[in-house]
Amino acid sequence: MERPLFGILAAAAFTALVQSSSATTGIIVVMAAQGFVTLPAGIAMAIGANIGTCVTAMLSSIGKPTEAVRAAAVHVVFNVAGALIWLGFIDQLANIAAWMSPAYPELDAAARLAAETPRQIANANTAFNVINTVIFLGFATAVAGLVRRLVPERVEPPTVLVESKYLDAQLLTTPALALNNVRLELGHMGGYVMEMIGGLGPALTSRDTKALQAIVRMDDKVDVLQQRILEYLGKIRGQAMSDKETELFQQLMNATVYLENAGDIVESELVPLLRRMVESGRRPSSTLIEMLGVLSEAAATALGHAIEAVTRADERLAQDVIAMKASQRQLVDQIYQHQAQQLEQAGADEIAGVRMEMEILERLRRLYSLARRIAKEVLPPEVALKSE
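Cut-offs used in this document
- Residues numbered from 1 in each chain as written.
- Predicted model: local features only at pLDDT ≥ 70, side-chain atom pairs only at ≥ 80, totals over all residues.
- Heavy atoms only, no water.
- Helix = DSSP H or I, 4+ residues; strand = E, 2+ residues; numbered from the N terminus.
- Buried < 20%, exposed > 50% of the residue type's maximum accessible area, 1.4 Å probe, protein only.
- Contact = heavy atoms within 4.5 Å.
- Core = buried A, V, L, I, M, F, W, Y, C linked by side-chain atoms within 4.5 Å.
- Arc of directions from axis to C-beta.

**A word on the overall build of the protein**
Reasoning step 1: Scanning the protein for helices and strands turns up 15 helices and 0 strands.
Reasoning step 2: Counting across all 388 residues of the protein, residues that qualify as buried make up 42%.
Reasoning step 3: Relative to all contacts within the protein whose residues are 6 or more apart in sequence, the contacts with residues 24 or more apart total 78%.

Rendered as structure tokens:
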């Protein structure tokens with residue numbers, strides 16, 4: 001331990017194991033009080049204890065943001081560079097510590113060493129950190145630049161909003177199987193559209209603008225899946241396909257576009273209208289809420305059946321969607337009549353609110369129209385034409 005470098009390394013290793021420089025310094029002080037280490041050896045070990053704490057800092061920075069890792073790196077640079085600075089001046093640091101500490105000349109040699117050395121080691125450790133801090137303050141900018149080079153900014157991977165479930169690249173050489181998987185992926189995409197529609201009513205009832213914003217964010221997933229489906233269809237288009245497969249290809253592409261349009265109506269038109277209604281403080285009548293709820297549920301049901309018809313290639317279910325036209329029209333007419341009565345009785349300040357409700361009605365009607373278009377893509381062309 002009389003060789004400073006060995007003392008530094010031994011104390012650094014011990015501190016790294018126990019994860020506490022205070023514990024190591026305490027042991028050094030006790031050893032000095034018993035006369036086991038001299039002042040220079042004790043100072044070397046105290047310096048090593050400071051280096052050992054770097055392990056604790058680095059371990060705590062694992063998995064943390066770049067700035068946290070850089071803070072730990074500054075701690076390492078400070079302690080290691082400080083140790084290197086004082087490695088050749090331990091005797092001078094011992095003299096400073098002796099000057100700072102009380103002396104007991106009245107004691108004999110052994111007793112005096114035991115009384116003075118522990119305090120001197122503690123004061124040397126304090127002086128080491130204070131002097132190093134003063135020195136490094138003048139080089140703060142340089143140290144910061146060094147640490148930035150040692151720990152460069154991490155490039156965070158882009159956040160993946162949603163992954164496709166069924167678009168298997170291995171099936172591209174078999175268009176029939178690949179197109180069937182596109183059907184399934186449309187069901188995956190449609191699930192998010194249905195979730196968006198399902199969230200409109202509760203958001204309006206609770207007047208929760210955060211819930212409306214969550215619906216807007218969900219449309220981003222719909223857009224991502226539409227892009228993935230269209231890219232996948234583009235790869236299928238490069239394969240040799242039969243006439244029937246070509247026809248199915250076009251139907252699925254159209255259904256994808258219609259389904260994304262439904263999501264856009266919710267995100268870009270219905271949500272802003274509902275937000276305006278909430279922020280204006282207008283509360284629709286219970287009769288209107290009930291009627292709009294019925295229409296919203298009917299549109300959602302039609303769209304849900306249309307999505308399922310595409311996913312399962314179910315022509316009967318597609319025809320059921322188209323057959324809903326009469327009931328949808330009757331319901332829309334009832335609501336329009338109610339709105340006409342409201343306009344007759346509305347004051348000047350209420351007209352804007354009634355118009356807002358009529359705009360909501362129109363968007364819900366368009367959702368059903370898109371559901372019919374999607375359903376028609378499941379039917380043979382001649383049957384779809386008859387349903388016009």
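Right, picking up where we left off after that structure.
**A word on unusual backbone geometry**
Reasoning step 1: At Arg-207, a residue that is not glycine, the phi angle is positive and equals roughly 55 degrees.
Reasoning step 2: Positionally, Arg-207 belongs in the loop between α8 (175–206) and α9 (209–237).
Reasoning step 3: Using a relative accessible area of 19% as the deciding quantity, one classes Arg-207 as buried.
Reasoning step 4: The phi dihedral of Ala-313 is positive, around 55 degrees, even though this residue is not glycine.
Reasoning step 5: With respect to the element layout, Ala-313 can be found in the loop between α11 (286–312) and α12 (315–323).
Reasoning step 6: With relative accessibility at 40%, the residue Ala-313 sits in the partly exposed group.

**Regarding the nonpolar core**
Reasoning step 1: Counting residues in each nonpolar core, the largest one holds 69 residues, and the members touching the most others are Ile-236, Val-266, Leu-303 and Leu-367.
Reasoning step 2: For this core, the secondary structure elements donating two or more residues are α8, α9, α10 (243–280), α11, α12, α13 (325–345) and α14 (351–376).
Reasoning step 3: Look past the residues within four positions of Leu-303 in its chain and what remains in contact with it is Val-193, Met-194, Ile-197, Leu-259, Ala-262, Ala-371 and Ile-374.
Reasoning step 4: Judged by nonpolar contacts, the second largest core, of 22 residues, contains Ile-8, Val-37, Leu-39 and Ile-43.

**A look at the environment of Pro-152**
Reasoning step 1: Tracing the sequence through the fold places Pro-152 in the loop between α7 (140–150) and α8.
Reasoning step 2: Between the C-alpha atom of Pro-152 and that of Val-69, which follows or precedes it by 83 residues, the distance is 9.9 Å.
Reasoning step 3: The contacts of Pro-152, once residues within four sequence positions are left out, are Thr-66 and Arg-70.

**A look at helix α5 (residues 90–100)**
Reasoning step 1: Taken as a whole, α5 has its buried residues at Ile-90, Leu-93, Ala-94 and Ala-97. Projection of α5 onto a plane perpendicular to its axis shows the buried side chains occupying an angular sector of 105 degrees, all on one side. With respect to the buried face of α5, the exposed residues turned more than 90 degrees away are Asp-91, Asn-95 and Trp-99.

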